[in-house]
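Okay, here's what each chain looks like letter by letter:
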Amino acid sequence: MSRPQDDQGVVLTAYTSNTEAVLTAGCREQTEFPGVSRKTGQYNVQRSKGPVAAPGSGSGSGKAPYQRCSSQDSLDEQVMVDYFKEVEIIQRSGDAETQEDVQLKVADEGEQEEAWLMEAGLATLFDESASGGEDSIVLLSTLTRTQAAAVERRVETLKQTLRKRNKPYSVPDVREIFKPSPDSQSKDEAESTERSGSSKLEVEGLGNGAGPDAPGGGADAETDINLEVSFSEQALIYKEGLKVTQPQSEADDRLPDFRVSQDKTGQTKVGDLSAEDMKKVRRLVLIEMSALFDTCGIEVKAHKALRVKVRESGLFGVPLSTLLDQDQRRMPGAKVPLILQRLISHIEEQGLDTEGVLRIPGAATRVKAVCHELEHKFYEGMFPWESLKQHDAASLLKLFIRELPYPLLTVEYFNAFISVLKLPTKKQQLQALNLLVLLLPEPNRDTLKALMEFFQRVIDRKDRNKMTLNNVAVVMAPNIFMCKGFRSKISEQQEFAMAAGTANIVRLLIRYQNLLWTIPKFILNQVRKHNMENQRKMNRDRAVKKLLKKMAYDRERASDKQEKNTECRCVCVQADGGFIRVQAPQFSMVSMAVQLTEDLKASDVLTRFLSQERFGVCYRSLSVKREDLCLYEMGGNIKERCLDEETYIKALLELNPSAEWVIKSVQH
């Protein structure tokens, strides 16, 4: 992906040298914290010369200097004061003084396209010696027209770059990459849209009264999110239907109540799929994210991965992967750093009703001393948690995030997160965030989710602790986006813009976290198609080997037998009053017959399992809890998938006729 050069300063990556000037200016002048400009999609700052009260005073505008914002939907001047107050607290804490100044670098022309194609699993498009050529062909066969266009664009850019450098290259002509035409690949998307009963307008929510100009389509109205059709395809329909060439912003002072349409085949959350299928998901999501930004005319340049000196052990300032490695030696299966889990639980044990629980800082000298003590006593279990004050624990939590040697949102996708707000609608911003969350490395994604869940629990007590969605977002944004050791010289106006922008991104992450950690159905369908194509290839290869060993008559008999078995299987699945066989080898059950009906759900299968008896013992008496059981879809066109309990089994069988059903205990 690429991005205009004048946008490079948009990335807030350090404790900038002009922050103090911004804070001073914020005290002298009244600032209207902006929305998105209709012309550019950028944030603009408009100032009037009217005086306001300096922090800590009660004069001037007549408003309390740090009055809590009671609205959940707007970021006004008073609540944004907390952002710069938090920046000032960070600077005064002293943890920025010893940081090494590391400058982020943008990849050279052509270098970024190579890295993108490699990450997407398409390295063979520019390097014939790369492995996985056949897998790349299968992946390309699953793409939509907008996804195919994103690949073509990067291949063509790389080809032109190599030509400029007079370097020999083996990049194929883009016309040779996709056969048949990419337009034919979009038929599956059109059929999916037709099956769901959605017209082009309904795909983008404009046909059901949810559009920005539709009657009753205000930001408070419930808006459907379509996960069955590619987000970039939806963006193209929106763009073509409204003839939009420049971002048309919705009201930025409200967050709509988005709703995911019910899917009978069940929702798929992060962690529900096998590692092998998640690898395919990540490649497809990268292509889809690029296609979405391309469709909306937004260029994003990714930064190079950084190599910095990091601690190899300890708690603070340690890479997440290293920290989890040492944690998993003590607690196998840990997905979130133990120190972060313990800090969160301690804050909650002290009570979330405390006013300003995340806003009011602990004493800086005491926090430093506690940090040093934790480094030496945490793993030994000798740290005196009963003496740790709640506000000190909250400051330590924020310090942990800031001290990560690599940003929680990663260097590679930092620009993309910032660029989300350039997208023309809230729905598209949410779709882009969904894709970006799925692109994060697993340790980063799981840690971010633990934080968002904690922030929501704090917000749930807002009537007592005065920490609304906006208050939490503006306090946490500097800690998430001001990453250790990264600096960027930016203007005062840019700093104001980033303050509002990053706070808006954090509140979207908190508000819509249940949706953002969901794998869209269209991506899952592409994974299923990918797996089916791989199976067909394996079957073809197997047939060729047989042909070399056996007579044609034997091959025909094997083919007839296979067709007969396939026909019987389909009839069995679709027959009224049919049964499915459910296995539970983990619980010494060979199989269980369950009658297949239109209304049979995954939850019904689990209930039936717990009511079964084996050797006179009811499975309900097992030590495993009901919430720890999951019904898995295995085989066919998916490797393994933990089913949402609202999944309708018959609907899923139509999508995956060869699936097997297994009950397993899962760790949450």
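Every value quoted in this text rests on a predicted model; they were computed, and no experiment measured them. (Residues numbered from 1 in each chain as written. Predicted model: local features only at pLDDT ≥ 70, side-chain atom pairs only at ≥ 80, totals over all residues. Heavy atoms only, no water.)

Draft legend 1. Quick look at the overall build of the protein. Looking only at helices and strands, the protein features 26 helices and 13 strands. Across the 668 residues in the protein, those meeting the buried criterion constitute 51%. Counting only contacts in the protein whose residues sit at least 6 apart along the sequence, the fraction spanning at least 24 positions is 78%. Taken as a whole, the protein presents about 31,300 Å² of accessible surface, with 49% of it coming from carbon and sulfur. (Helix = DSSP H or I, 4+ residues; strand = E, 2+ residues; numbered from the N terminus. Buried < 20%, exposed > 50% of the residue type's maximum accessible area, 1.4 Å probe, protein only. Contact = heavy atoms within 4.5 Å. Areas by Shrake-Rupley, 256 points an atom, 1.4 Å probe, with all protein chains shown as cover.)

Draft legend 2. A look at the pairing of strand S11 (residues 629–635). Where burial is concerned, most of S11 is hidden: 5 out of the 7 residues are buried. By the bridge criterion, 6 bridges tie S11 to strand S13 (residues 660–665) in an arrangement that is antiparallel. By the bridge assignment, Tyr 632 is partnered in S13 with Val 662. What sits between S11 and strand S12 (residues 638–642) in their antiparallel hairpin is a turn of 2 residues, with Gly 636 showing a positive phi close to 75°. (Pairing = 2+ DSSP bridges.)

Draft legend 3. Broad picture of the packing of aromatic side chains. This model, assessed by the stated rule, comprises 10 aromatic pairs. Measuring from ring centre to ring centre gives 5.1 Å for Phe 231 and Phe 522, while their planes differ by 70°; the resulting arrangement is edge-to-face. Of this pair, Phe 231 sits in helix H10 (residues 231–242) while Phe 522 sits in helix H23 (residues 521–549); the two residues are 291 residues apart in sequence, bridging distant segments of the chain. Given the relative accessible area of 1%, Phe 231 is considered buried. Pairing Phe 378 with Trp 385 gives two aromatic rings, centres 6.3 Å apart and planes at 80°, and the pair type is edge-to-face. Phe 378 sits in the buried class, given a relative accessible area of 14%. Looking at Trp 385, the relative accessible area reads 12%, which means it is buried. (Phe/Tyr/Trp six-rings, centres within 6.5 Å; stacked < 30°, edge-to-face > 60°.)

Draft legend 4. Highlighting the sheet that holds strand S8 (residues 589–595). Spatial ordering of the open sheet is given by S8-S7-S13-S11-S12, a layout of 5 strands whose pairing is mixed. The open sheet terminates on both sides in strands that have one partner only, identified here as S8 and S12. Each strand of the sheet is rotated relative to its neighbour by a mean of 30°, with strand direction disregarded. Across 5 bridges, the pairing between strand S7 (residues 579–584) and S8 is antiparallel. When the sheet's bridge partners are listed, Arg 581 is paired in S8 with Ala 593. (Axes fitted to C-alpha atoms, helices over the stretch in contact; angles between N-to-C directions.)

Draft legend 5. Quick look at the pairing of S13. Pairing of S7 with S13, which is carried by 2 bridges, proceeds in the parallel orientation. Opposite Gln 583, over in S13, you have Val 662 as the bridge partner.

Draft legend 6. Spatial organisation of the packing of helix H14 (residues 364–377) against helix H15 (residues 390–403). Interaxial distance between H14 and H15 falls to 10 Å at its minimum, and their mutual angle equals 70°. With respect to their mutual orientation, H14 and H15 come out roughly perpendicular. Crossing of H14 against H15: the hand is right-handed. Contacts between H14 and H15 involve Arg 366, Val 367, Val 370, Cys 371 and Leu 374 on the former and, on the latter, Asp 392, Ser 395, Leu 396 and Leu 399. Partitioned by chemical class, the residues of the contact of H14 with H15 number 6 nonpolar, 1 polar and 2 charged. (Parallel < 35°, antiparallel > 145°, perpendicular 65-115°, else oblique. Left-handed = near helix turned anticlockwise from the far one by under 90°. Nonpolar A, V, L, I, M, F, W, Y, C, P; charged D, E, K, R; others polar.)

Draft legend 7. Spatial organisation of the pattern of salt bridges. A complete count under the given rule lists 28 salt bridges for this structure. Glu 633 is the salt-bridge partner of Arg 528, the closest N and O atoms lying 2.8 Å from each other. Note that Arg 528 is positioned in helix H23 and Glu 633 in strand S11, a separation of 105 residues in sequence. A residue is classified by how much of its surface remains accessible, and Glu 633, at 0% relative accessible area, is buried. Two residues, Glu 640 and Lys 664, come together in a salt bridge whose shortest N-O distance is 3.1 Å. Taken as a pair, Glu 640 in strand S12 and Lys 664 in strand S13 lie far apart in primary sequence, 24 residues in all. Taking the relative accessible area as the measure of exposure, Lys 664 reaches 24% and is therefore partly exposed. Through salt bridges with shared partners, a single ionic network connects Arg 153, Arg 154, Asp 294 and Glu 299. (Salt bridge = Lys/Arg side-chain N within 4 Å of Asp/Glu carboxyl O.)

Draft legend 8. Structural detail: the side chain of Asp 327. Structurally, Asp 327 can be placed in helix H12 (residues 320–330). Ignoring any residue separated from it by four or fewer positions in sequence, one finds Asp 327 in contact with Pro 337, Leu 338 and Tyr 379.

Draft legend 9. Summary view of the packing of H15 against helix H20 (residues 469–481). Remark: H15 packs on H20, axes separated minimally by 7 Å, with the N-to-C direction vectors making an angle of 35°. Counted together, Leu 397, Lys 398, Ile 401 and Arg 402 of H15 and Val 475, Met 476, Asn 479 and Ile 480 of H20 form the full contact between these two elements. Partitioning the contact of H15 with H20 into residue classes produces 5 nonpolar, 1 polar and 2 charged.

Draft legend 10. Geometry of H20. Across its 13 residues, H20 extends 17 Å between first and last C-alpha, which sits within 8% of the 18 Å expected from 1.5 Å per residue. For H20, the principal kink sits at Val 475 and spans about 30°; a proline, Pro 478, occurs within the next four residues. Within H20, 13 of the 13 residues are buried, which leaves the element mostly enclosed by the surrounding structure. (Expected span 1.5 Å × (residues − 1). Bend = angle between axes of the 7 residues up to and from the residue.)

Draft legend 11. Structural context of the nonpolar core. Of all hydrophobic cores here, the largest spans 129 residues; its most connected members are Leu 374 and Leu 396. Ignoring anything within four residues of it in the chain, the contact list for Leu 396 reads Phe 316, Leu 343, Val 367, Val 370, Cys 371, Leu 374 and Leu 388. In this structure, Met 589, Phe 609, Leu 653 and Trp 661 belong to the second largest nonpolar core, which totals 24 residues. (Core = buried A, V, L, I, M, F, W, Y, C linked by side-chain atoms within 4.5 Å.)

Draft legend 12. Spotlight on the state of the cysteines. The full count for this structure, using the stated rule, is 1 disulfide. Sulfur-sulfur distance for the disulfide between Cys 630 and Cys 642 comes to 2.0 Å. Taking the sign of the S-S torsion, about 125° here, the bridge from Cys 630 to Cys 642 comes out right-handed. One end of the pair, Cys 630, is in strand S11; the other, Cys 642, is in strand S12, and 12 residues separate them in sequence. By the burial criterion, Cys 630 is buried, and Cys 642 matches it. (Disulfide = S-S within 2.5 Å.)

Draft legend 13. Looking closely at unusual backbone geometry. Of note in the backbone geometry, Thr 410 takes a positive phi value of approximately 70° without being a glycine. Take Thr 410: it is sitting in the loop between H15 and helix H16 (414–419). Of note, the phi angle at Lys 466 is positive, near 60°, even though the residue is not glycine. With respect to the helices and strands, the residue Lys 466 is situated in the loop between helix H19 (462–465) and H20.

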